[in-house]
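So the chains spell out like this:
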There are 6 protein chains.
Amino acid sequence: MMEKWLDSLITATPQEGFELAIKLARMGVKYTQPDADIRSKLRPVYEQNADSLTLASQVVAIHYQTVAQANNYWK
Amino acid sequence: MMEKWLDSLITATPQEGFELAIKLARMGVKYTQPDADIRSKLRPVYEQNADSLTLASQVVAIHYQTVAQANNYWK
Amino acid sequence: MMEKWLDSLITATPQEGFELAIKLARMGVKYTQPDADIRSKLRPVYEQNADSLTLASQVVAIHYQTVAQANNYWK
Amino acid sequence: MMEKWLDSLITATPQEGFELAIKLARMGVKYTQPDADIRSKLRPVYEQNADSLTLASQVVAIHYQTVAQANNYWK
Amino acid sequence: MMEKWLDSLITATPQEGFELAIKLARMGVKYTQPDADIRSKLRPVYEQNADSLTLASQVVAIHYQTVAQANNYWK
Amino acid sequence: MMEKWLDSLITATPQEGFELAIKLARMGVKYTQPDADIRSKLRPVYEQNADSLTLASQVVAIHYQTVAQANNYWK
């Protein structure tokens, strides 16, 4: 059981929404691999691989669609 | 025939919705590979591969779009 | 020409909708590779590869968005 | 300049819509590789690769979202 | 700074919309790799690789969702 | 903590919206790999790989969906 980490999809600004999307992408990884030590070991590998970074950016993009819509695009 | 595992897409909170998205992603795998023993053998492999984890996080992100919309973004 | 296999996107429950999404994902493969023998040979390979299973789960997730929206999220 | 190949996204049934999605996915390839001979040579390769088939099925799934929405999910 | 290349997402027909989606997919590449000589060298490689073509078709599919919605599915 | 880089998803034209989508895709990478030196080293590698460029274009396509919807497709 994961402790509470997400209260709302509403954010004050588009940038904060983007940062929430990044958090959601990371939590998707964390639920699959809960061991922080293993995640730490994997980090230096994918952080220096261009395609891994693009793939990570893609997950953020998908979550940002959700967050942006939740916030009615901050209009 | 799979037993009943999904009653509703409605959840009380955004976090529970995220956890439902994780379940949906796993069920997508389970329908394709119903053998729990094989899934258990595969787990330690992809759990230590950064791109596999990102890919898993991506499936969660797609399902989260569905769950979030079903819940009107918990607004 | 494929025989009739899809009448409606409407399902009674979210779980049946998920199972329809799985069928849609498989039909996408079947249209591209109509030879059942070849598909049978490929099955044991990708069913034991974690990334292949995640990729298959991703296609299900995309179709589930469609089916869920068609059913107004079973609300 | 490609000749006319697409008149409408409207189809009579969900299955015809799925078949249109398959056509759209193939046309995406055809615009990128217009040489039919090269496409014919590539076909036997990816048709026997499970991940290639899943990837092809994914493109169909994305187009099917578009076609289904255009047809208001055939409701 | 890129010169003007996109005035509107509105097109007269679904096929012209598809062709705009192809242009958008190519522009996504062009912004990342502005050097036309390098893009020309890469072209013969990915044009003869089935998965590269499917991947390119996928980007077109995503843009086509946007263009189709902008045009209210040409209804 | 990242400094302010995003004020709004609203742009004057579809092309400026596309350029914002490119920025969003890059920021997704930057949050994951904040070290500019490493990003500079990775750039010449993926900029000469066709599939890497297509993958980058895909992330742009996903963000462009968000930006286009935020701007009501500039209609």
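That block above? That's the structure.
About the thresholds
Residues numbered from 1 in each chain as written. Chains lettered and ligands numbered in written order. Predicted model: local features only at pLDDT ≥ 70, side-chain atom pairs only at ≥ 80, totals over all residues. Heavy atoms only, no water. Least-squares fit on C-alpha atoms with pLDDT ≥ 70 in both. Core = buried A, V, L, I, M, F, W, Y, C linked by side-chain atoms within 4.5 Å. Buried < 20%, exposed > 50% of the residue type's maximum accessible area, 1.4 Å probe, protein only. Contact = heavy atoms within 4.5 Å. Buried area = accessible area lost by both parts, 1.4 Å probe. Salt bridge = Lys/Arg side-chain N within 4 Å of Asp/Glu carboxyl O. Polar contact = N/O pair within 3.5 Å; in protein donor to acceptor, adjacent residues only side chain to side chain. Helix = DSSP H or I, 4+ residues; strand = E, 2+ residues; numbered from the N terminus.

A. Region of interest: the relation of the copies chain D and chain C. Once turned by 60 degrees and shifted 0.0 Å along the axis, chain D lies on chain C with an RMSD of 0.0 Å. Classification of the inter-copy transformation places it as that of a six-fold axis. When each C-alpha of chain D is compared by its distance to the rotation axis, Ile62 of chain D comes out closest, at 6.8 Å.

B. Fine view of the nonpolar core. Counting residues in hydrophobic clusters, the biggest one holds 126 residues, and the most contacted among them are Leu9 of chain A, Leu9 of chain B, Leu9 of chain C, Leu9 of chain D, Leu9 of chain E together with Leu9 of chain F. In this structure, Leu9 of chain B is in contact with Leu20, Leu24, Thr66, Val67, Ala70 and Asn71 of chain B together with Pro14, Tyr64, Ala68, Tyr73 and Trp74 of chain C, ignoring residues within four places of it in sequence.

C. Spotlight on the interface of chain D and chain C. The interface is formed by 27 residues belonging to chain D together with 31 residues belonging to chain C. Taken together, the two surfaces of chain D and chain C that pack against each other cover about 2,600 Å², and 64% of this comes from carbon and sulfur. It is Gln15, Phe18 and Tyr73 of chain D that lose the most area in chain D upon contact with chain C, and together they represent 23% of the buried surface on that side. There are 0 salt bridges connecting chain D and chain C. Counting across the chain D and chain C interface gives 13 residue pairs in polar contact (both at pLDDT 80 or more). The greatest single-element share of the side of chain D that touches chain C, amounting to 13 residues, is contributed by helix H3 (residues 50-70) of chain D.

D. Examining the side chain of Ser52 of chain F more closely. Position of Ser52 of chain F relative to the elements: it lies in helix H3 (residues 50-70). With residues near it in sequence (within four places) discarded, Ser52 of chain F still touches Asp51 of chain A together with Tyr46 of chain F.

E. Expanded view of unusual backbone geometry. Even without being glycine, Tyr73 of chain D reaches a positive phi, approximately 60 degrees. Structurally, Tyr73 of chain D can be placed in the segment after H3. With relative accessibility at 6%, the residue Tyr73 of chain D sits in the buried group. Of note, Trp74 of chain F is a non-glycine position whose phi angle comes to about 55 degrees, a positive value. For Trp74 of chain F, the position within the fold is in the segment after H3. The class for Trp74 of chain F is buried, based on a relative accessible area of 18%.

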